[in-house]
Amino acid sequence: MILLADSGSTKTDWCVVEKGRQVLRITTKGTNPFFQSEEEITEEIRTSLLPQLEGTAIASVRFYGAGCAFPEKNEVIRRALLPYFSVPIEVGSDLLAAAHALCGREAGIACILGTGSNSCYYDGQAVVKNVSPLGFILGDEGSGAVLGKLLIGDLLKDQLPPALKDEFLQRYNLTPAAIMERVYRLPFPNRFLAGFSPFIREHLEEPAIWEFVTRSFLAFFTRNVMQYDYLELPVHLVGSVAWHYQDILKNIAFDLGIRLGTIAQSPMEGLIAYHKEEMK
């Protein structure tokens, strides 16, 4: 059996697969070797993953994760897994997971729109061009973290109706001071900000919210996707933001002459299909 993992900044989706069939699905917290130590990742695997595997015999591990685009960071993940899985372990980026899941072995433009955002040109075998996402402070256009950042900025600068601000603060039991603490002093501000995506979706009728959502998605396409050969290749999207905001994304893409292909909430089904040959 193969253990597949798709890890983002918010959660890790684990799937035990045998002969192309899902046997077990597990969700744990997200991991990112840029923001977490090897010891922290090891502890998450030990306490959250292993008890749910219940002694399942794993023959190999394929781990795809945020922050896994550099050999030294991939090695952090591999070393964190090795004490518990003395089997072949391969580590790749979440962007490669998106490409494998969305494009299979065909060329295309694969994009992630979740807590963060990313994109690439994939030639059917490897990621050959990537516009750096730069994270939610400098980039990550269209991501949940950036949408949350824009919402918070507008709320705290009184750019939205007072009643909406009061509703938000009451719903999440927050104060302006607590928000500043979570964003500037505590770990994973991107997760915190991305958690407000449901509130944004519920209030898209508010003109100011509609404006920053569409502006952010437009920036994602123009600053990232349109740097690839988008007129010749299909553009595929995966992630929670891609899935829940797909109608808006489709309209913006159409206006830009971008041909959207698959839109998926999770890459896992595509990854199972991609790795099916290994499971025979």
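Residues numbered from 1 in each chain as written. Predicted model: local features only at pLDDT ≥ 70, side-chain atom pairs only at ≥ 80, totals over all residues. Heavy atoms only, no water.

## A closer look at the sheet that holds strand β6 (residues 108–113)
This is how the line gets drawn: For two strands to pair, DSSP has to find at least two bridges joining them. Each helix is a run of H or I in the DSSP string that is no shorter than four residues. Each strand is a run of E no shorter than two, and both are numbered from the N terminus. Axis angles are defined between N-to-C directions and span 0 to 180 degrees, where every axis is a line fitted to C-alpha atoms and, for a helix, only to the segment in contact. What makes two residues a contact is simply this: any of their non-hydrogen atoms within 4.5 Å.
As summarised here, the arrangement of the 5 strands in space is β8-β7-β6-β9-β10, forming an open sheet in which the pairing is mixed. Because the sheet does not close on itself, it has two edges, and the strands there are β8 (127–129) and β10 (260–264). The mean inter-strand angle of the sheet, taken between neighbouring strand axes irrespective of direction, is 35 degrees. Relative to strand β9 (residues 235–238), β6 runs parallel, the two being bridged by 4 bridges. Counted as the bridge partner of A110 is H236 from β9. Helix α3 (residues 94–103) rests against β6, β7 (117–122), β8, β9 and β10 of the sheet, and its axis sits at about 125 degrees to β6. Contacts from helix α12 (residues 246–256) reach β6, β9 and β10, with the element oriented near 165 degrees to β10.

## Quick notes on the pattern of salt bridges
Quick reminder of the rule: Salt bridges, as used here, are contacts in which a Lys or Arg side-chain nitrogen is within 4 Å of a carboxyl oxygen on Asp or Glu.
Tallying each qualifying case throughout the model produces 11 salt bridges. The closest approach of N and O atoms between D13 and R25, which form a salt bridge, is 2.9 Å. Of this pair, D13 sits in strand β2 (residues 11–18) while R25 sits in strand β3 (residues 21–29), and the two are 12 residues apart along the sequence. In this structure, E90 and R62 form a salt bridge, with 3.6 Å as the shortest nitrogen-oxygen distance. Taken as a pair, E90 in strand β5 (residues 89–93) and R62 in strand β4 (residues 60–65) lie far apart in primary sequence, 28 residues in all. What emerges from the salt-bridge pattern is a single network uniting D13, R25 and E269.

## What to know about the environment of K11
Among the secondary structure elements, K11 is positioned in strand β2. Considered as a pair, K11 and T115 are 104 residues apart in the sequence and their alpha carbons are 9.6 Å apart.

## Regarding the confidence of the model for the protein
Spelled out, the test is: You can read pLDDT as the predictor saying how much it trusts each residue, on a scale of 0 to 100.
Confidence in the prediction of the protein, expressed as mean pLDDT, is 91, and 99% of residues score 70 or more. At the low end of the mean pLDDT range in the protein sits helix α4 (residues 135–138), at 87; at the high end sits helix α10 (residues 207–223), at 97.

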